[in-house]
Amino acid sequence: MLVSKNLDSENENTTNLQIQRHNLSFSPIQKEDWTQIMEEESISDFRQNDLTLALFYTSTLTPQNHIDLINIFSKSKEFQMPNSEEPNAYYTELIDRDIGRTYQQIPYFKDKQNQDKIRKLLVNYAQYDPDVGYVQGMNFIAGTLVYFQVPQNQKIFNELIYQHRYNYVTGTPGLFENLAKLKFKLKAKIPQLFKHLQEIGLNDLGISFSPFYLTMMLQSTPIQYQILILNIYQLMGQKYITKLLIAMLKLSKKELMKLMDVENVNKYIRTQLLTNFFQEIEICRKEQRLIQLFFNIGLVRRIYEI
């Protein structure tokens, strides 16, 4: 996992010095802060954006800590599902069809018992929210929760989907809104890349980026970083997916500018964008320049820019 005791530790004093030197807009989360969060099972004393960034750079959390955080972050929200109903047979048919397509490259997901656990999460949600039922992409979210054996996984899954259900209801209004925001941000923040994508014919960003919103980025995220992404989603929601995508596109701008057709751009975005981002995160953590990277790709800003 990205942030574990087995990785080289970034010196906390170095992190503090980098923040002060750049006059950046967040407060570092220290080892004792994480201890407090784990003991109290509460994040009420901390800003969500500070916690989100700390998930990238901290080295004091174990993989189990990250799994525990999913439920701690969940406790900070008010959530209640509607009354359950019988799932539509159409949805159960779609679910059965997609179970075998969930992370096909990982042997764990070919086991029938594990597939049944994923199916249970999806069918139960369809019971609770028949207006949404089941939509392709949900299987990857359910698969991640099952793979990491997240406690109360049905509650967490229902909460994740229901709070962002407008991505999935008929007409997908939430998805179109997210894609419109992404297009606006891309044009404003990386105009040269935006122009290049337009020139090669990628006018509909949904072709490349819809799966990131429908699967909460999990389909394209290397498995060892998926709990990190889920924790970020729990803290910040869909708005941070857009922010992360813009940051990743900044990081991969040179490579994308070299690609001269839509097919290769789509392939790069879906298979390389997240992998390259996390590889750079690892390198910068070890070289103690992760805060500088955050600043360069727009995940943090100087205080006077706020």
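What you are looking at is a predicted structure, and each value in this text was computed from that prediction instead of being measured.

Draft legend 1. Geometry of unusual backbone geometry. Even without being a glycine, Tyr103 presents a positive backbone phi close to 45°. Of note, Tyr103 is situated in the loop between helix 5 (89-99) and helix 6 (112-128). A positive phi angle, close to 50°, is found at Gln149, a residue other than glycine. Along the chain, Gln149 turns up in the loop between helix 7 (138-147) and helix 8 (153-162).

Draft legend 2. Structural view of helix 6. For helix 6, which comprises 17 residues, the first-to-last C-alpha distance of 24 Å matches the rise-based estimate of 24 Å (1.5 Å per residue) to within 8%. When helix 6 is considered as a whole, its buried residues turn out to be Asn114, Gln115, Ile118, Leu121, Leu122, Asn124, Tyr125 and Ala126. Where helix 6 begins, the capping side chain belongs to Asp111, and its oxygen is found 2.9 Å from the backbone nitrogen of Gln113.

Draft legend 3. Summary view of a positive patch on the surface. On the surface, Lys185, Lys189, Lys239, Lys243 and Arg301 cluster together to form a positively charged patch. When residues of the positive patch are traced back to their parent elements, those giving at least two are helix 9 (173-189) and helix 13 (238-251). If you trace the backbone, Lys185 turns up in helix 9.

Draft legend 4. Region of the structure containing the packing of helix 4 (residues 63-75) against helix 8. Helix 8 packs onto helix 4 with a crossing angle of 55° between their chain directions and a minimal axis gap of 11 Å. Relative to helix 8, the element helix 4 lies oblique. Note that helix 4 runs across helix 8; the crossing there is left-handed. Contact residues: Ile70, Asn71 and Ser74 in helix 4; Lys155, Ile156 and Glu159 in helix 8.

Draft legend 5. The arrangement of the nonpolar core in detail. If you look at the biggest cluster of nonpolar residues, it comprises 97 residues, and the most contacted ones within it are Phe157, Phe209, Leu273 and Phe294. Look past the residues within four positions of Phe294 in its chain and what remains in contact with it is Leu53, Phe56, Tyr57, Ile281, Leu299 and Val300.

Draft legend 6. Region of the structure containing the side chain of Asp98. Summarising the element assignment, Asp98 is placed in helix 5. Taking the relative accessible area as the measure of exposure, Asp98 reaches 4% and is therefore buried. Engagement of the side chain of Asp98 in a polar contact is seen with the side chain of Tyr134, the distance being 2.8 Å. Ignoring sequence-local partners within four residues, the contact set of Asp98 consists of Tyr134, Gln136 and Asn139.

Draft legend 7. Highlighting the environment of Arg101. Mapped onto the secondary structure, Arg101 falls in the loop between helix 5 and helix 6. You can call Arg101 partly exposed: its relative accessible area is 39%. Residues Arg101 and Phe140, 39 residues apart in the sequence, show an inter-C-alpha distance of 9.0 Å. Once you skip the residues sitting within four places of it in the chain, Arg101 turns out to touch Gln136, Asn139 and Phe140.

Draft legend 8. How the structure looks around the packing of aromatic side chains. Considering all chains together, one arrives at twelve aromatic pairs under this definition. With a centroid separation of 5.6 Å and 20° between ring planes, the pair formed by Phe109 and Tyr147 is classed as stacked. One end of the pair, Phe109, is in the loop between helix 5 and helix 6; the other, Tyr147, is in helix 7, and 38 residues separate them in sequence. What makes Phe109 buried here is its relative accessible area of 3%. On the basis of relative accessibility, which here comes to 28%, the residue Tyr147 falls in the partly exposed class. Through successive ring pairs, a cluster of aromatic residues spans Tyr103, Tyr108, Phe109, Phe140, Tyr147 and Phe148.

Draft legend 9. Spotlight on the side chain of Asn266. One can find Asn266 in helix 15 (residues 262-271). Residue contacts for Asn266: discarding those within four places in its chain leaves Leu202, Ile207 and Ser208.

Draft legend 10. Main features of the pattern of salt bridges. According to the stated counting rule, one finds 13 salt bridges in the structure shown. One salt bridge connects Arg47 with Asp50, and the closest N-O pair in it is separated by 2.8 Å. Its relative accessible area of 4% is what places Asp50 among the buried residues. Of the charged contacts in the structure, one is a salt bridge between Lys181 and Glu177, with a shortest N-O distance of 3.2 Å. Pair noted here: Lys181 and Glu177 are both in helix 9, with a separation of four residues, about one helical turn. One network of salt bridges, with partners in common, ties together Asp96, Lys112, Asp116 and Arg119.

Calculation notes
Residues numbered from 1 in each chain as written. Predicted model: local features only at pLDDT ≥ 70, side-chain atom pairs only at ≥ 80, totals over all residues. Heavy atoms only, no water. Helix = DSSP H or I, 4+ residues; strand = E, 2+ residues; numbered from the N terminus. Expected span 1.5 Å × (residues − 1). Buried < 20%, exposed > 50% of the residue type's maximum accessible area, 1.4 Å probe, protein only. Polar contact = N/O pair within 3.5 Å; in protein donor to acceptor, adjacent residues only side chain to side chain. Patch = residues over 30% accessible without salt bridge, like charges linked within 9 Å, V, L, I, M, F, W, Y side chains within 5 Å. Areas by Shrake-Rupley, 256 points an atom, 1.4 Å probe, with all protein chains shown as cover. Salt bridge = Lys/Arg side-chain N within 4 Å of Asp/Glu carboxyl O. Lys, Arg positive; Asp, Glu negative; His and termini not counted. Charge placed at Lys NZ, Arg CZ, Asp CG, Glu CD. Axes fitted to C-alpha atoms, helices over the stretch in contact; angles between N-to-C directions. Parallel < 35°, antiparallel > 145°, perpendicular 65-115°, else oblique. Left-handed = near helix turned anticlockwise from the far one by under 90°. Contact = heavy atoms within 4.5 Å. Core = buried A, V, L, I, M, F, W, Y, C linked by side-chain atoms within 4.5 Å. Phe/Tyr/Trp six-rings, centres within 6.5 Å; stacked < 30°, edge-to-face > 60°.

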